Amino acid sequence: MALLFKNRGVMLLLMFNLFLVFAGIGLVIPVIPKYITMLDVNGSIAGLLVASFSFTQLVFSPLAGRLSDSFGRKRIIVAGMLVFACAEVIFGLADSAVLLFVSRMLGGISGALIMPAIMAYAADVTTEEERAKGMGFINASISTGYIIAPGIGGYIAEFGIRVPFFAAGAAGLVAAILTTVILPESLPSIAKGDNNNEKAVSHSAPKRSLLQQLRFSYREPYFISLIIVFVMSFGLANYEAVFGLFVDHKFSFTPKDIAFIFTFASIGGALIQLTIFGWLMNRLGEKMIITLCLLAAGVFVLLTLLVHQYWLIFAVTFVIFLAIDLLRPAISTQMSMVAQEQQGYVAGLNSSFTSLGNIIGPIAAGMLFDVNLNFPYVVAGIILILCFGLNMFTGGKRVQRASA
């Protein structure tokens, strides 16, 4: 039986960890207005607060990827979950803007530690044939956590504005304990007690700073995939950042209306990832999935500007989230196929470009929204469609696999 299915408990634990971390990004969205009022924080500071998580994730991701290659996936995952738990508790206790920034930046560090390590872990324990399904499972938890969190946060906040963060902190601590007790190390050298794996890694993983990695990433065989990662993250962050303001200004949607759309759209996307994603990848290939999803996301972002009824807005949003939900694991699978022993390093670059999109997307969306409420979606739609063209006319149907 495939190794992936022999380790269902392990995969579920990895998914739970990633779900928590990426839910931590979105939990802040529904409570930001109340925090702004309570702590006398202005809109500009609120925008920077949202971006600060992704900024620290960007800075630490390449280092975290190398650390997971050198010292093992498990240690980095546990450390990341402990940092996450601390970050959420600090946000719940915060009585000043400074503490809010400390919390969100710690959250970004936790994301930087956890995401590359778990991506690399999934690549370690799956064969090439299983890789697409494994990445589908892992990315379902990322997408679901990131998209569903505003809805969850909105519902839990009914019991108190700080309750969602205390609950997330407790869940993070439980996840760290479970990971310590249950999760086996996936790197054979570390699992056998060899702590000198860094020597072996040093011959394969480039020792570069973050800026050097970003600067020279164009030389990598998966550079187009990294560009798509950035555009995908930019588009989703752009869409999410002003969605509440957009539908409030145009249609007077309530928080519960918005929570319903986010919740069920994300659940639908996760179900597709967990059921037929592997079949789609085997049938169509990574490149075709990526191409179709970029086109669908771009077109339906633009369609958001043309629909007016609630059920149509729900349908358009569902397609956008579904396209992103399929796009993310397809790109991760594509890059993991050429990573060889650099799984952690490549996953770190993936996380860095994701963070870049998550930083620039909300900032651009806020600035464009102040000019015209339609502009964020016009820009996001056009960029996604241009990226569709770039992907369509570069390379073959599948990324060439590195030789074993």
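Residues numbered from 1 in each chain as written. Predicted model: local features only at pLDDT ≥ 70, side-chain atom pairs only at ≥ 80, totals over all residues. Heavy atoms only, no water.

Going by the annotation in an unreviewed UniProt entry, the name recorded for the protein chain is Multidrug resistance protein 2, with Paenibacillus radicis given as the source organism.

Mapped onto the elements of the fold, Gly348 is located in helix α18 (residues 343-371). Residues Gly348 and Arg66, spaced 282 residues apart in sequence, show a C-alpha to C-alpha distance of 7.6 Å. (Helix = DSSP H or I, 4+ residues; strand = E, 2+ residues; numbered from the N terminus.)

Moving on: the packing of helix α16 (residues 286-303) against helix α19 (residues 375-392). The interhelical angle for the contact between α16 and α19, taken along N-to-C directions, is 160°, at an axis separation of 8 Å. Judged on the interaxial angle alone, α19 and α16 are roughly antiparallel. The handedness of the crossing between α16 and α19 comes out as left-handed. Where α16 approaches α19, its residues Lys287, Ile290, Thr291, Leu294, Leu295, Ala297, Gly298, Val299, Val301 and Leu302 are matched on the opposing element by Tyr377, Val378, Ala380, Gly381, Leu384, Ile385, Cys387, Phe388, Asn391 and Met392. (Axes fitted to C-alpha atoms, helices over the stretch in contact; angles between N-to-C directions. Parallel < 35°, antiparallel > 145°, perpendicular 65-115°, else oblique. Left-handed = near helix turned anticlockwise from the far one by under 90°. Contact = heavy atoms within 4.5 Å.)

With respect to the helices, strands and loops of the structure, Thr304 is situated in the loop between α16 and α17 (310-339). Reaching out from Thr304, the side chain makes a polar contact with the side chain of Tyr239 at a distance of 3.4 Å. Reaching out from Thr304, the side chain makes a polar contact with the backbone oxygen of Val301 at a distance of 3.2 Å. Dropping the residues within four chain positions of it, Thr304 is found in contact with Tyr239, Phe246, Val316, Ile320 and Tyr377. (Polar contact = N/O pair within 3.5 Å; in protein donor to acceptor, adjacent residues only side chain to side chain.)

This next bit is on the confidence of the model for the protein chain. Residue-level pLDDT values for the protein chain average 77, and 76% of them are 70 or greater. Between the elements of the protein chain, mean pLDDT differs from a low of 46, seen in helix α1 (residues 3-6), to a high of 91, seen in helix α5 (residues 73-93). Segment residues 1-5 is flagged for pLDDT under 50; beyond a separation of four residues in sequence, or across chains, it makes 12 contacts in the model. Confidence over residues 199-205 falls short of pLDDT 50; this stretch has seven contacts with residues more than four positions distant or in other chains. (pLDDT = per-residue confidence, 0-100.)

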